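# Structural overview
Listed below are the residues making up each chain.
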Amino acid sequence: MFTLPQKESKAPTTCPGPASTQDLDSNHGDGLERECSRKPDWKLPEFCGGGDPTATASSDSSHLSSRGSIIKWFWDSAEEGYRTYHMDEYDEDKNPSGIINMGTSENKLCFDLLSRRLSQSDMLWVEPSLLQYPDWRGHLFLREEVARFLSFYCKSPAPLKPENVVVLNGCASLFSALATVLCEVGEAFLIPAPYYGAITQHVYLYGGVRLVCVYLDSEVTGLDTRPFQLTVEKLEMALQRANFEGVKVKGLILINPQNPLGDIYSPGELRDYLEFAKRHKLHVMVDEVYMLSVFEKSAGYHSVLSLEGLPDPQRTHVMWATSKDFGMSGLRFGTLYTENRDVATAVASLCRYHGLSGLVQYQMAQLLRDRDWINQVYLPENHARLKAAHTYVAGELRALGIPFLSSGAGFFIWVDLRKYLPEATFKEEMLLWRRFLDNKVLLSCGKAFQCKEPGWFRLVFSDKAHRLCLGMQRVRQVLEGKSQVPDDPASCQSQESGNQRTGGETPPGVL
Amino acid sequence: MSHRLGMFRMPSAQMRGQGLRNQRIHTHLMEMMLHLKQTIEKNLMHLTTRHLQQDLVLEEQRHSQAASEQEALLGHLMYQLVNLLQSGAMGGLGLQPSCPSLDVRRDVRGGQWAQSSRQPDWPVHQLSDPEATFVSQHLSSRGIDISALYHSSFQDYKIYQRDKYHEDKNTMGFINLGLSENKLCLDLMTERLSQSDMNYIEDALLQYPDWRGQPFLREEVARFLTYYCKVPDQLDPENVVVLNGCSSVFSTLAMVLCDPGEAFLIPAPFYGGFAFSACLYSKVELILVHLDSEVTDANPHPFQLTVDKLEQALLEARLTGKKVRGLILINPQNPLGDVYSRDSLQEYLEFAKRYHLHVIIDEIYMLSVFDEFITFHSVLSMESLPDPNRTHVIWGTSKDFGISGFRFGVLYTHNREVASAVSSFGYLHGISGIAQHKLCRLLQDREWIDKVYLPTYRSRLQIAHGYMTKKLEALGIPFLNRGSGLYIWMNLKMYLDPCTFEEELLLHRRFLDNKLILSRGRTYMCKEPGWFRITFADKPLLLKQAMHRFYQVLSERKQDLIMKQLENAQRE
């Protein structure tokens, strides 16, 4: 039996995109308060306690500015789930009863391959120019390599140009910079929800830009052919509503492959969205950070850069990074590709604050250049491991009779746990999330992705077999109401070997 | 909202006078005409030389590229001229001249630009930088300002990037002694960073990090600063936040300590990067505490910072309704090279405490004190800080270790609230795990730092500084001799006639024409025209070449001045 935690609980997320910041329309705490009281239904549910920035902003803080207090709230609220996890991280030997992280979207399947590649002697190269002030757009040698790389893997009809590339320390920075140079404070981007919640923070911190959600439904109705389908009608409606409310929308954010849905947009759909944006003179930021993590060949992924004749090339800005596709979220490398020189220049003007080390730039160029390794070693192996891990988790979910979405891309499965909520509320969702955490498995709940239906969870499967197995065991325990049963690693091992037997192609040591 | 409006209404002091404004536009025009003339001449020269070398395909390509660049520049100049004329015509409306035009390039004026251009009836697009003007349909107005400010601030740097001096390959290229970059120990650094301990990969380095910086690095930074700042007690790694560069640290501090339009006090002249950072993201204003070169009773040393001056500037700002949240100190100072005594530091901090001001202390040159008779006192070495919760220290490896391309900056603050708020930005200013490992190894290697790196670095600084000062003395140029930093603050007033910022800019141009980049006092908000900062932390050969060019410009200039005086005398 679980009781409601006495202490306030906070946004349950490893991606620090607190649910509430939709409401932040300006840098000012008082503006926020007004906004909240005007739209009571937008207000944070009280169980998200610490998740109310106004409380912090108006608290007696003699040292921070009012925007500083809101900014700090992002840190505090994001940290809660993360902090609990970090204080009690699972370790096979040292802390076998620690928390298993199935919440953070990281690819932990290929560290062996990456460490080996990054330790090769060509990576250890130091020359004075790498140690000095760089070209803030990124060293030319790297931008050239990125252009070649994207031309090849995005199948662009014509070679991409290095002068359209800007390199910075991650896509988070890119969101921040784009928001700042494309919008005034208080203006907005459209984004189909559920979405990767951290974007809220990225566009807000410096840019003061808000996101307007295009809410998608799980139910298939009308012209939809699949759950959570994005359609131009939905985009139009969200835009109209925003206009009606006096919110100025400057752009549209698309994530393809989508996070957390795992959706892949067809070229036709992509074109429709781009045409919609063009009609309304909206910038489109396409985040393709999972583009090489499509592990089902049949999924048929198309980069926006592969389209012949973009509807509005001057307003189309593509983002990619090594965090996901190369499983190196700690490397902090992201890149922008845009034909709009003015946007590129404006973003580059901010790169003074978002630069990455020259030595790392060199290493990235070496890595991206090594097409043999990427095509013959890394990608096949990575895809096989992702697929095996996915097969295992999907099988477990099926055995539990849990519906889920997954299209063979990304590191996660979007899981429908609505039937486990006694009431369809976010409060119940949060309680379930907490039950998982109490049973030592960290997931991300739908609220963190601005999903409008309570009960959806994102489950990350790109981890080593023993951790996955234990994680799924703990998930099962919670769902079957048996979560206080102590962990039994032995049973997990037998399951693991059982799985290996059935999952024929599974490489040893992976699943 | 109210304080935002207040901000719009705040014209900066130097812009208030209408007469001054007209004068500025006049000089803008003069400047542009001059530049236009030069560009056309160069263009013609290219055209003629092109004929001579038509057989050389490579040469041809280079020339056509250069020519198209020149054509683009011509276009810009023409456009700016039109803009200026238009803005002149609108003089009666009380509009201020454009921000980043050629005239004010490398010039930074605090937080005013971006905000003023958002005034509804402000014809931004006409007045802004032409490059940005064409893009107004795609960028936000702050985006335009950011682009324009960047373009104007780094124009020299861009020219330099395209045509760098090289002792064998490009002897006619630009020599950049305007940038404060330590190039004296690249050999040592390259060697150290190439050692095998640097190339280490583990899973944790490739995963999402602690956004405040990896614990192993924060621990090492705490130990490092404890030792080199001579801290009485061990510093706490929990008070350390690591970001990708000191600009990022300052930018985040400005965000979390000030609301838009609020201000920091800063003694001027000062490193222009602060003004740049203050207005790019955070929209914070800088209130200048102007220092004088002239020695008087109240000013026992040139450019001395005193509590009286701080107090006066603060009270004046408050009178105008400005909310001042903090004080920025740079120690050792850039561009003056001043190292604050323990007592002075104490006084400044006490002053800040009295007025509840945060103090941001940038100690980025702390290991670059090369005069053995000068002792640097870190604020962290003080037995008891007057107001520890409002004292925030910045340090980085860019200067002291000459690795500005590494992007590493540190915040040390006792204030956990501030540290947490700054950490929210970790996502946007994160450093690669691989680089964090290398930095940790570097800072850990005390043996190498103390026995190899620092002694070599300091003796090279001494030699380079000695060479430069001797040359300046021989030329009879007054300068501040402070024994720290990578640069010398010198007074070239005698080469200006009249002594105005316009003349200062013209002299700066002359150096540029002679392929020498210095940075002029205006960039540091110095209130007296004629001061320049020259960097000496470079190889002897390059310095020699640079001083040759320097000498050439000054002797030509001297000739001109003599001619001018003769003409004047004749006329009389």
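- The name an unreviewed UniProt entry gives chain B is 1-aminocyclopropane-1-carboxylate synthase homolog (inactive) like, with Panthera leo as the organism.

- As named in an unreviewed UniProt entry, chain A is 1-aminocyclopropane-1-carboxylate synthase-like protein 1, taken from Panthera pardus.

### Here we look at the overall build of chain A
- For chain A, the count of helices and strands is 17 helices and 13 strands.
- Burial status across chain A gives 68% buried among its 511 residues.
- Look at the contacts in chain A between residues 6 or more apart in sequence, and 75% of them connect residues 24 or more apart.
- Per element, the accessible surface of chain A, about 17700 Å² overall, is 51% carbon and sulfur.

### So, the sheet that holds strand β8 (residues 409-413) of chain B
All names here are of chain B.
- The strand order β2-β8-β7-β6-β5-β3-β4 describes an open sheet built from seven strands, whose pairing is mixed. Pairing within the sheet leaves two strands with one partner each, and these edge strands are β2 (240-243) and β4 (285-290). Across the sheet, the mean angle from the axis of one strand to that of its neighbour is 25 degrees, orientation sign disregarded.
- Relative to strand β5 (residues 324-330), strand β3 (residues 263-268) runs parallel, the two being bridged by three bridges. Looking at β5, one finds that Leu265 is bridged to Leu327.
- On the sheet, helix α11 (residues 215-228) packs against β2, β7 (391-396) and β8 and is oriented at approximately 110 degrees with respect to β2.

### Points about empty space enclosed by the protein
- Across all of its chains, the model carries 17 cavities of 30 Å³ or more by this definition.
- Around the largest cavity, the lining is made up of 36 residues, and of these Tyr133 and Arg352 of chain A together with Leu179, Tyr271 and Gly273 of chain B lie nearest the centre.
- Those elements giving two or more residues to the lining of the largest cavity turn out to be α8 (155-162), α12 (246-257) and α13 (273-280) of chain B.
- Looking at which element gives the most residues to the lining of the largest cavity, the answer is α13 of chain B, with four residues.
- Residue classes in the lining of the largest cavity are distributed as 17 nonpolar, 12 polar and seven charged.
- A volume near 190 Å³ is recorded for the second largest cavity.
- For the second largest cavity, the lining is made up of 16 residues, of which Cys171, Tyr196, Val289 and Lys324 of chain A together with Tyr208 of chain B are closest to its centre.
- Within the residue set of the lining of the second largest cavity, elements represented by two or more residues are α7 (171-182) and α11 (322-325) of chain A.

### Looking at the side chain of Arg332 of chain A
All names here are of chain A.
- Position of Arg332 relative to the elements: it lies in the loop between α11 and β8 (334-338).
- No salt bridge is formed by the buried Arg332, whose closest oppositely charged neighbour, Glu106, lies at an N-O distance of 8.0 Å.
- Of note is the side chain of Arg332, whose polar atom sits 2.7 Å from the backbone oxygen of Ser329.

### Some words on the interface of chain B and chain A
- Across the boundary between the two partners, chain B contributes 88 residues, which contact 85 residues of chain A.
- Summed over both partners, the interface of chain B with chain A buries about 7500 Å², with 56% contributed by carbon and sulfur atoms.
- Where chain B meets chain A, there are zero salt bridges.
- Counting the contacts that link chain B with chain A gives 56 residue pairs in polar contact (both at pLDDT 80 or more).
- The element best represented in the side of chain B that touches chain A is α12 of chain B, accounting for eight residues.
- Classifying every residue of the side of chain B that touches chain A gives 37 nonpolar, 35 polar and 16 charged.

### Some details on the confidence of the model for chain A
Residues and elements named next belong to chain A.
- Residues at a pLDDT of 70 or more form 82% of chain A, whose mean pLDDT is 85.
- Scored below 50 in pLDDT, residues 1-59 shows 127 contacts in the model against residues more than four places distant or in partner chains.
- A low-confidence stretch, residues 493-511 stays under pLDDT 50, and its non-local contacts, those more than four residues away or across chains, total 23 contacts.

### Section: the pattern of salt bridges
Residues and elements named next belong to chain B.
- Throughout the structure, instances matching the rule amount to 47 salt bridges over all chains.
- For Arg441, the salt bridge is made with Asp197, and the minimal N-O distance between the two is 2.9 Å. Linking Arg441 in helix α17 (residues 433-444) with Asp197 in the loop between α9 (186-194) and α10 (203-206), this pair joins segments that are 244 residues apart in sequence.
- The partly exposed category is assigned to Arg441, whose relative accessible area is 30%.
- Two residues, Arg218 and Glu238, come together in a salt bridge whose shortest N-O distance is 3.7 Å. Taken together, the positions of Arg218 in helix α11 and Glu238 in the loop between α11 and β2 put the pair 20 residues apart, joining distant regions of the chain.
- The exposure class assigned to Arg218 is buried, which follows from its relative accessible area of 2%.
- The exposure class of Glu238 is partly exposed, given its relative accessible area of 36%.
- If you follow the salt bridges from partner to partner, you end up with Arg192, Asp197, Arg441 and Asp445 in one network.

### Focus on the packing of aromatic side chains
- Applying the stated criterion across every chain, the model contains 51 aromatic pairs over all chains.
- Pairing Phe149 of chain A with Tyr153 of chain A gives two aromatic rings, centres 4.6 Å apart and planes at 40 degrees, and the pair type is tilted. Of this pair, Phe149 of chain A and Tyr153 of chain A both sit in helix α6 (residues 140-153), separated by four residues, roughly a single helical turn.
- A relative accessible area of 12% means that Tyr153 of chain A is categorised as buried.
- With 3.7 Å between their ring centres and 5 degrees between their planes, Tyr206 of chain A and Tyr281 of chain B make a pair best called stacked.

Criteria and thresholds
- Residues numbered from 1 in each chain as written.
- Chains lettered and ligands numbered in written order.
- Predicted model: local features only at pLDDT ≥ 70, side-chain atom pairs only at ≥ 80, totals over all residues.
- Heavy atoms only, no water.
- Helix = DSSP H or I, 4+ residues; strand = E, 2+ residues; numbered from the N terminus.
- Buried < 20%, exposed > 50% of the residue type's maximum accessible area, 1.4 Å probe, protein only.
- Contact = heavy atoms within 4.5 Å.
- Areas by Shrake-Rupley, 256 points an atom, 1.4 Å probe, with all protein chains shown as cover.
- Pairing = 2+ DSSP bridges.
- Axes fitted to C-alpha atoms, helices over the stretch in contact; angles between N-to-C directions.
- 1 Å grid on protein atoms, 1.4 Å probe; cavity = no way out; pocket = protein on both sides within 12 Å on 5 of 7 lines; lining within 4 Å.
- Points joined across faces, edges and corners; volume = space filled by probe spheres on them.
- Nonpolar A, V, L, I, M, F, W, Y, C, P; charged D, E, K, R; others polar.
- Lys, Arg positive; Asp, Glu negative; His and termini not counted.
- Salt bridge = Lys/Arg side-chain N within 4 Å of Asp/Glu carboxyl O.
- Polar contact = N/O pair within 3.5 Å; in protein donor to acceptor, adjacent residues only side chain to side chain.
- Buried area = accessible area lost by both parts, 1.4 Å probe.
- pLDDT = per-residue confidence, 0-100.
- Phe/Tyr/Trp six-rings, centres within 6.5 Å; stacked < 30°, edge-to-face > 60°.

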